[in-house]
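One-letter residues, chain by chain:
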Amino acid sequence: MSELLARHRAVIPNWVAVYYDEPIEIVSGKGCRVTDAQGRGYLDFFAGILTSMLGYDVPEVRDAVERQLASGVVHTSTLYLIRGQVELAEKIAKLSGIENAKVFFTNSGSEANEVALLAALTARGADQVLAMRGSYHGRTFGTVSVTGNASWKMSSHSPFGTHYLHGTDRQLSPYAQLSDADFIKACVADLRALLAGGIHPADVACLLAEPVQGVGGFTMAPDGLFAAYKEVLDEHGILLISDEVQTGWGRTGEHFWGISAHGVTPDAMTFAKGLGNGFAIGGVVARGDLLDGIRGNSISTFGGNPVATAAANATLDYVLSHDLQRNAAVTGQLIVEGLREAARTSKIAGEVRGKGLMFAVDLVDPATGQPSPPLAAKMLEATRERGLLVGKGGLYGHTLRMAPPLTLSEAEAKEGLGILTDALAAVGAEATA
């Protein structure tokens, strides 16, 4: 055990997970590459859980932050006007497509989802929420309550009732053979049955859903499901909130927001992670009447502070001016197609799925085809040994999930794909020996 790991375990709670048998300390980075304390370099396919969206040491972001620091004003709170915050809110409101949108800034995705839930519950005068099976929305009291992944539910206590819908569980036997259209019909019928006999629609505030489930292993509902759900929700005045913490800013390649793949505009969207390219910032963009309707006085001490909004403005401008959405589509397709080709001959690779630079591969037992968390753990080690950092997740902990910086080049995409296919071959040979 390294000296730093021993110190970590002595003072950090044991439920704070770290990757690898021998955890690494990242000490420097440039572009899509990082270096650990031992001097080993890695191509980064996880970007600090999708947060270093432009990669590392980006001059435009660094310069914006340094200009703000040079002013001497690092913090003021929202009791004072913050020009960068207003400018950022104007950009996001316009990009959202939500009519008469307003924006409230937070420090994280968890806090953003709390605000969105508060707005919806207040607007509806309700105490029930709809969510998706397999979902993850944060680690705060309310967001844990609405999370539909038991591995990440740290408490059974809840401030409201939560009811889980179908959408990403196509592997279940009643749905496995259905077409997308028939699966959507089945899901909508289930929602109608729930609202007709399981709960009173007037008691339901909203549906909170990820267009692509992050911790769930980048599982996703078929395009169009949330539009079909919204037709039912609209009949009862129930709101739709899209959790864009991982899918926003063009990461899926095909759209700027993940929910747009469903052809619907939600009542609110939450965001965080990549917007600040590593600086802590999140928020909610929603119909102005929803955010205005939250009762009582409130401020944010740190949310949307001058340094974070300087970084976020520079990051968002970079994403738009460099058309990183298109780059995500091109490089992501290259990797996903390559992984699917490799999976055809691999006995340990299950489903390969993804949109843009948000892709995953399930690891399965070669004898049974069942989810294999141990093989996912071996793949995590094998890719690190070969110089690639990836993430892990899935409902059963058997999925490698990857989301490189949106600045990934085609050469780096091919390099990462080569490491992944080599690791799959090596781990697969060991598993079937």
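See above for the structure.
Residues numbered from 1 in each chain as written. Predicted model: local features only at pLDDT ≥ 70, side-chain atom pairs only at ≥ 80, totals over all residues. Heavy atoms only, no water.

Visitor: Tell me what's going on with the overall build of the protein chain, and back it up with residues and numbers.
Guide: Of regular secondary structure, the protein chain possesses 13 helices and 17 strands. For a compact globule of 433 residues, the expected C-alpha radius of gyration is about 22 Å, and the protein chain comes in at 21 Å, within 12% of that figure. Referenced to the eigenvectors of the C-alpha coordinate spread, the extents of the protein chain come out at roughly 60 × 60 × 45 Å. The contacts in the protein chain between residues at least 6 apart in sequence include a share of 73% that link residues at least 24 apart. Carbon and sulfur atoms make up 52% of the accessible area of the protein chain, which amounts to about 18900 Å² in all. Between the mean site of the 35 positive side-chain charges and the mean site of the 46 negative ones, the protein chain shows a separation of 1 Å. (Helix = DSSP H or I, 4+ residues; strand = E, 2+ residues; numbered from the N terminus. Rg over C-alpha atoms; globule rule 2.2 N^0.38 Å. Contact = heavy atoms within 4.5 Å. Areas by Shrake-Rupley, 256 points an atom, 1.4 Å probe, with all protein chains shown as cover. Lys, Arg positive; Asp, Glu negative; His and termini not counted. Charge placed at Lys NZ, Arg CZ, Asp CG, Glu CD.)

Visitor: Give me the side chain of Ser77: which residues, what numbers.
Guide: Along the chain, Ser77 turns up in the loop between helix H3 (59-70) and helix H4 (83-96). A polar side-chain atom of Ser77 sits 3.1 Å from the main-chain amide nitrogen of Leu79. The contact partners of Ser77, leaving out residues within four places of it in the chain, are Ile82, Ser300 and Thr301. (Polar contact = N/O pair within 3.5 Å; in protein donor to acceptor, adjacent residues only side chain to side chain.)

Visitor: Account for the sheet that holds strand S1 (residues 26-30), naming residues and giving values.
Guide: If you trace the 4 strands from one edge of the open sheet to the other, you get S1-S2-S3-S15, paired in mixed fashion. Each edge of the sheet is formed by a strand with only one pairing partner; in this case those strands are S1 and strand S15 (388-389). Judged from the 3 bridges that link them, strand S2 (residues 33-36) and strand S3 (residues 41-44) form a sheet pairing that is antiparallel. Residue Arg33 lies in a different strand from S3, and its bridge partner there is Leu43. (Pairing = 2+ DSSP bridges.)

Visitor: Account for the pattern of salt bridges, naming residues and giving values.
Guide: By the definition in use, this model includes 20 salt bridges. For Arg192, the salt bridge is made with Glu235, and the minimal N-O distance between the two is 3.0 Å. Residue Arg192 is found in helix H7 (residues 180-198), and its partner Glu235 is found in helix H8 (residues 225-236); the two are separated by 43 residues along the sequence. Two residues, Arg353 and Asp362, come together in a salt bridge whose shortest N-O distance is 2.9 Å. Classification of Arg353 as buried rests on a relative accessible area of 7%. Asp362 sits in the buried class, given a relative accessible area of 9%. A single network of salt bridges, built from pairs that share partners, joins Lys30, Asp57 and Arg62. (Salt bridge = Lys/Arg side-chain N within 4 Å of Asp/Glu carboxyl O. Buried < 20%, exposed > 50% of the residue type's maximum accessible area, 1.4 Å probe, protein only.)

Visitor: Explain the pairing of strand S14 (residues 359-363) to me, using residue names and the numbers behind them.
Guide: Where burial is concerned, most of S14 is hidden: 5 out of the 5 residues are buried. Of the two faces of S14, the one carrying Phe359, Val361 and Leu363 and the one carrying Ala360 and Asp362 are both buried. The pairing of strand S13 (residues 349-354) with S14 spans 4 bridges and is antiparallel. Its bridge partner being in S14, Gly354 is matched across the sheet by Phe359.

Visitor: Hey, could you go over the packing of helix H12 (residues 373-385) against helix H13 (residues 410-432) for me, with residue numbers and the actual values?
Guide: Where H12 meets H13, the closest approach of the two axes is 9 Å, and the angle between their N-to-C directions is 130°. Between H12 and H13, the crossing angle belongs to the class labelled oblique. Crossing geometry of H12 relative to H13 is assigned as right-handed. In this structure, H12 contributes Leu375, Lys378, Met379, Ala382 and Thr383 to the contact, and H13 contributes Ile419, Leu420, Ala423, Leu424, Val427, Glu430 and Ala431. (Axes fitted to C-alpha atoms, helices over the stretch in contact; angles between N-to-C directions. Parallel < 35°, antiparallel > 145°, perpendicular 65-115°, else oblique. Left-handed = near helix turned anticlockwise from the far one by under 90°.)

Visitor: Tell me about unusual backbone geometry, residues and numbers included.
Guide: In this model, Ile49 sits at a positive phi of 60°, which is unusual for a non-glycine residue. Its location among the elements puts Ile49 in helix H2 (residues 47-50). A positive phi angle is found at Leu50, which is not glycine, with a value near 65°. The residue Leu50 is located in helix H2 in this model. What makes Leu50 buried here is its relative accessible area of 2%.

Visitor: Please give an account of the sheet that holds strand S10 (residues 239-243) that cites residues and values.
Guide: If you walk across this open sheet you meet the 7 strands as S4-S12-S11-S10-S7-S5-S6, and the pairing is mixed. Every other strand in the sheet has two partners, leaving strand S4 (101-106) and strand S6 (161-165) as the edge strands with one partner each. Neighbouring strand axes in the sheet, compared pairwise and without regard to direction, differ in orientation by 20° on average. In the sheet, strand S7 (residues 204-209) pairs with S10 via 4 bridges, with the strands oriented parallel. When the bridges of S10 are listed, Ala209 appears paired with Ser242.

Visitor: Break down the packing of aromatic side chains for me, citing the residues and quoting the values.
Guide: The relative placement of two aromatic rings is captured by the distance of their centres and the angle of their planes. Tallying each qualifying case throughout the model produces 11 aromatic pairs. Judged by centre distance (6.0 Å) and plane angle (80°), the ring pair of Phe45 and Phe359 falls under edge-to-face. Pair noted here: Phe45 is in the loop between S3 and H2 and Phe359 is in strand S14, with a separation of 314 residues, a long-range link. With a relative accessible area of 0%, Phe45 lands in the buried category. The rings of Phe105, Trp249, Phe256, Trp257 and Phe271 are connected pair by pair, giving a single aromatic cluster. (Phe/Tyr/Trp six-rings, centres within 6.5 Å; stacked < 30°, edge-to-face > 60°.)

Visitor: Now, about the side chain of Asn305: what can you tell me, with residues and values included?
Guide: The topology assignment puts Asn305 in the loop between helix H9 (288-292) and helix H10 (306-321). Overall, Asn305 belongs to the buried group, its relative accessible area being 14%. A distance of 3.0 Å separates a polar side-chain atom of Asn305 from the backbone nitrogen of Val307.

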